[in-house]
Amino acid sequence: MPFLGQDWRSPGECWVKFQDGWKRSQLYREEEEESNINGSHRERQLCTRLQQESNDNKIVEDCEVAAKKRKKDHFNISTQSEYFYREKWIHVHKGSTRERHGYCTLGEAFNRLDFSSAIEDMRRFNYVVKLLQLIANSQLTSLSGAAQKNYFNILEKIVRKVIEDQQNPRLIKNLLQDLGSALCILVREVGRCVLVGNINIWVYRMETILNWQHQLNNLKITRRIGNSVTLSDLPLHMQRSILHRFSDGLDIINLGQVTSTLHMLSEDKHLWKSLCKYHYSEKQFCRHLILTENGCVDWKLMYFKLQKYCPKKEQYGDSLQFCRHCSILFWKDTGHPCTANNPESFCTPVSPQHFIDLFKF
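Only a predicted model underlies this, so the values are computations on that prediction, with no experimental measurement involved.

K.L.:
How should I be thinking about the overall build of the protein in this particular structure?
P.N.:
The helix and strand tally for the protein stands at 15 helices and six strands. Sequence-distant contacts in the protein: of pairs separated by 6 or more residues, those separated by 24 or more amount to 61%. With an accessible surface of roughly 24000 Å², the protein has 51% of that area assigned to carbon and sulfur atoms.

K.L.:
Just checking my understanding: could you explain the side chain of Gln 284 for this structure?
P.N.:
Summarising the element assignment, Gln 284 is placed in helix α13 (residues 282–287). Reaching out from Gln 284, the side chain makes a polar contact with the backbone nitrogen of Ser 281 at a distance of 3.1 Å.

K.L.:
Mind showing me how you'd approach the nonpolar core here?
P.N.:
Nonpolar side chains tend toward joint burial in soluble globular proteins. Among the nonpolar cores identified, the biggest contains 49 residues, and Phe 115, Tyr 151, Leu 329 and Phe 355 are the most heavily contacted of them. Considering each element in turn, this core owes the most residues, nine residues, to helix α5 (residues 122–139). Contacts of Phe 115, omitting those with residues within four sequence positions, involve Ala 109, Phe 110, Val 128, Leu 131, Ile 154, Leu 320, Trp 331 and Phe 355. Counting 17 residues, the second-largest nonpolar core is a separate cluster that includes Leu 255, Leu 271, Trp 272 and Phe 285.

K.L.:
In this structure, what is going on with the pattern of salt bridges? I would like to understand it.
P.N.:
Where charged atoms from two side chains of opposite charge approach closely, those side chains can pair. Taken as a whole and assessed by the stated rule, the structure comprises 10 salt bridges. Between Asp 121 and Arg 124 there is a salt bridge, and its shortest N-O distance comes to 4.0 Å. Looking at Arg 124, the relative accessible area reads 7%, which means it is buried. Lys 300 is paired through a salt bridge with Glu 267; the nearest N and O atoms lie 2.9 Å apart. Of this pair, Lys 300 sits in helix α14 (residues 299–309) while Glu 267 sits in the loop between α11 (260–266) and α12 (269–279), and the two are 33 residues apart along the sequence. Given the relative accessible area of 38%, Glu 267 is considered partly exposed. Bridged by salt links that share partners, the residues Asp 121, Arg 123, Arg 124, Asp 318 and Asp 333 form one connected network.

K.L.:
Quick question: what am I supposed to make of the sheet that holds strand β3 (residues 89–91) here?
P.N.:
For sheets, the rule is that strands pair by backbone hydrogen bonds, running either parallel or antiparallel. One open sheet holds the four strands; their spatial order is β3-β5-β4-β6, and the pairing between them is antiparallel. For this open sheet the edge positions go to β3 and β6 (347–350), each flanked by a neighbour on one side alone. Geometrically, the sheet is characterised by an average inter-axis angle of 25° between neighbouring strands, direction not taken into account. Here strand β4 (residues 320–323) pairs with strand β5 (residues 328–331) via four bridges, running antiparallel. Within β5, the position partnered with Gln 321 by the bridge is Phe 330.

K.L.:
Would you take a moment to explain the environment of Arg 240 for this structure?
P.N.:
Topologically, Arg 240 is positioned in helix α9 (residues 236–243). Residues Arg 240 and Leu 271, spaced 31 residues apart in sequence, show a C-alpha to C-alpha distance of 8.6 Å. Contact partners of Arg 240, with chain neighbours within four places excluded, come to Leu 265 and Asp 268.

K.L.:
Please explain unusual backbone geometry as it appears in this structure.
P.N.:
It is generally the case that most residues other than glycine have a negative phi and that most peptide bonds are trans. Positive phi, normally seen in glycine, also occurs at Asn 168, with a value near 60°. With phi around 55°, Ser 327 is a residue other than glycine that occupies positive phi space. For Ser 327, the location among the structural elements is in the loop between β4 and β5. Exposure remark for Ser 327: the relative accessible area of 23% places this residue in the partly exposed category.

K.L.:
Just checking my understanding: could you explain the side chain of His 336 for this structure?
P.N.:
Structurally, His 336 is set in the loop between β5 and β6. Leave out the neighbours within four places in its chain, and His 336 touches Trp 89, Cys 323, Cys 326, Ile 328, Phe 330 and Cys 347.

About the thresholds
Residues numbered from 1 in each chain as written. Predicted model: local features only at pLDDT ≥ 70, side-chain atom pairs only at ≥ 80, totals over all residues. Heavy atoms only, no water. Helix = DSSP H or I, 4+ residues; strand = E, 2+ residues; numbered from the N terminus. Contact = heavy atoms within 4.5 Å. Areas by Shrake-Rupley, 256 points an atom, 1.4 Å probe, with all protein chains shown as cover. Polar contact = N/O pair within 3.5 Å; in protein donor to acceptor, adjacent residues only side chain to side chain. Core = buried A, V, L, I, M, F, W, Y, C linked by side-chain atoms within 4.5 Å. Buried < 20%, exposed > 50% of the residue type's maximum accessible area, 1.4 Å probe, protein only. Salt bridge = Lys/Arg side-chain N within 4 Å of Asp/Glu carboxyl O. Pairing = 2+ DSSP bridges. Axes fitted to C-alpha atoms, helices over the stretch in contact; angles between N-to-C directions.

This is the structure in structure tokens:
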């Protein structure tokens with residue numbers, strides 16, 4: 001029966017099909033044994049030469065230790081190169097089968113899906129930041145050591161990108177605040193929870209987060225110099241149309257502080273009404289209804305009150321895709337090796353919370 005993945009009988013070794021079944025390749029074994037014999041022969045010659053030059057037994061012992069260390073390092077290097085993946089997709093399996101043993105972890109998926117390159121795409125930037133925030137709040141201890149290192153490397157690139165581009169600083173401040181609070185709890189409860197790595201590494205990471213927060217707090221947006229058209233130069237109906245494209249109330253309030261005209265447009269009740277209807281349902285309106293003295297609905301206050309009790313509707317330019325036919329998680333532009341006749345009919349977008357839930361078992 002054909003299947004995707006490594007051979008379950010012996011992953012990583014060569015097999016040859018004969019009339020009576022599959023057998024392990026003897027040629028591969030002979031080459032491996034020959035290389036080991038040659039390597040051991042050269043090491044014995046080196047040890048013998050050193051023993052003849054000096055009668056000190058300590059030198060001979062050091063030589064043998066060095067030879068064993070070189071052999072171990074060579075094995076580690078070859079093992080690491082075996083697990084280098086170029087594919088930007090991952091098969092999500094939650095149990096053992098004849099073809100696959102074990103299950104896929106959150107850390108493995110985080111390493112395989114190339115989030116480091118995804119932050120350079122503005123369509124995926126908010127998606128990756130939201131995913132990092134969810135991992136910081138609940139799944140940080142479930143990451144392996146390599147995945148945690150990759151996590152902080154991606155976070156460093158995000159902070160550097162925000163400082164250079166001077167965009168989305170509030171989004172990253174919230175992420176660093178949640179991550180710093182989670183690390184403080186984990187460090188205080190060390191011994192009662194699982195922390196991969198030395199405690200000094202985590203203390204250093206906390207200091208790094210404080211340094212990033214200090215840089216973002218002192219970030220000053222440089223004023224653009226030039227005679228190009230600005231937002232204030234546009235007609236009122238165009239400025240109003242742009243405000244209706246916003247999906248975050250705080251962005252509307254911050255934009256209203258720029259000029260008096262934008263402040264007037266940001267206080268429009270129809271703007272906040274459309275924003276509430278975009279994120280919340282009518283049942284949620286009835287539970288948290290706020291009326292003014294005239295008996296009218298205060299949509300602006302309702303938005304911020306609903307934000308405390310109900311989650312907002314998530315909106316991303318691009319997100320991960322999950323194929324229900326072959327259980328593969330991938331980016332839409334990179335694709336995946338699907339065997340279905342119509343792969344697009346089996347693909348569904350994956351929200352950041354759904355991504356976390358895929359690995360809860």
